[in-house]
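Remarks on the overall topology
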Amino acid sequence: MADSVVLDPVDLHLLRLLQNDARTTYRDLAAQAGVAPSTCLDRVARLRRAGVILGHRLELDPAKLGRGLQALLSVQVRPHRRELVGPFVERIRALPESRTVFHLTGPDDYLVHVAVADMTDLQRLVLDEFTSRREVARVETRLIFQQWECGPLLPPARPASPPSVPPPAAATP
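Everything in this summary refers to the structure shown in the same document. (Residues numbered from 1 in each chain as written. Predicted model: local features only at pLDDT ≥ 70, side-chain atom pairs only at ≥ 80, totals over all residues. Heavy atoms only, no water.)

Counted under the stated rule, the structure contains two aromatic pairs. Note on Phe88 and Tyr110: the rings are 5.3 Å apart at their centroids and 55° apart in plane angle, and the pair reads as tilted. Residue Phe88 is located in helix α4 (residues 82-94), and its partner Tyr110 is located in strand β3 (residues 110-116); the two are separated by 22 residues in the primary sequence. Here the two residues Phe88 and Tyr110 agree in accessibility, since each one is buried. On the basis of an interplanar angle of 75° and a centroid distance of 6.5 Å, the ring pair of Phe88 and Phe130 is categorised as edge-to-face. Of this pair, Phe88 sits in helix α4 while Phe130 sits in helix α5 (residues 119-130), placing them 42 residues apart in sequence. For the pair Phe88 and Phe130, one class covers both residues: buried. An aromatic cluster of three or more residues is present, and its members are Phe88, Tyr110 and Phe130. (Phe/Tyr/Trp six-rings, centres within 6.5 Å; stacked < 30°, edge-to-face > 60°. Helix = DSSP H or I, 4+ residues; strand = E, 2+ residues; numbered from the N terminus. Buried < 20%, exposed > 50% of the residue type's maximum accessible area, 1.4 Å probe, protein only.)

As structure tokens, this is what we get:
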């Protein structure tokens, strides 16, 4: 497991801004975070080097690209040995239909999110690219009806609480 990185309030503020719009300019980021643009640039570069910021990506709609059917494939690999699973994972990651690959605990070893054109394409993928591999013992397919993206990893900052005012002193007789 990777070690966590110590982040100060400015780092967290920059990350919150970037996770909601990764295309924000450094000038705008700096203005919103209340730091100089050069400071902002240095901090974001440091966060990249530390591995906190992993990159930026463009999301595409699979349905608009002719891949309207999505599924989750539960895959059991036997024997589950490093010399077999390494090449298996690299092969599955290289398939254009593969969206995400998860290595799991439990009865299934991998969960693979795929996007295909239709049921015939899904059947071809399962038979030609998964069950035809000697190390694949079992594949179970679940169709995805609908999916939702979840909220950001860093929730928005909470507004500052007003300072507490001590109760008035009791009058002495």
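Here the focus is the sheet that holds strand β2 (residues 98-103). Strands sit in the order β2-β3-β1-β4 across an open sheet of four strands; the sheet is antiparallel. Both edges of this open sheet fall to β2 and β4 (136-144), since each of them pairs with a single strand only. The average undirected angle you get between the axes of adjacent strands in this sheet is 20°. Relative to β3, α4 is tilted by about 20°, and along the sheet it contacts β1 (69-77), β2, β3 and β4. (Pairing = 2+ DSSP bridges. Axes fitted to C-alpha atoms, helices over the stretch in contact; angles between N-to-C directions. Contact = heavy atoms within 4.5 Å.)

Before going further, it helps to examine unusual backbone geometry. Cis geometry is found at the peptide bond from Arg78 to Pro79, where omega equals -10°. For Pro79, the position within the fold is in the loop between β1 and α4.

Let's shift gears to the layout of surface pockets. Sizing a probe to match a water molecule and rolling it over the atoms shows the empty space that remains. Each pocket or cavity is described by its volume, and for the largest pocket that value is around 1,100 Å³. Around the largest pocket, the lining is made up of 20 residues, and of these Leu18, Gln19, Ala22, Gly55 and Arg57 lie nearest the centre. Residue classes in the lining of the largest pocket are distributed as 11 nonpolar, four polar and five charged. Within this model, the second largest pocket holds a volume of roughly 380 Å³. In this structure, the second largest pocket is lined by 17 residues; those nearest its centre are Arg57, Glu59, Leu60, Pro62 and Arg99. For the lining of the second largest pocket, the secondary structure elements donating two or more residues are β2 and β3. Looking at the lining of the second largest pocket, its residues break down into seven nonpolar, four polar and six charged. (1 Å grid on protein atoms, 1.4 Å probe; cavity = no way out; pocket = protein on both sides within 12 Å on 5 of 7 lines; lining within 4 Å. Points joined across faces, edges and corners; volume = space filled by probe spheres on them. Nonpolar A, V, L, I, M, F, W, Y, C, P; charged D, E, K, R; others polar.)

Such coordinate-based values are descriptive only and should not be taken to indicate function.
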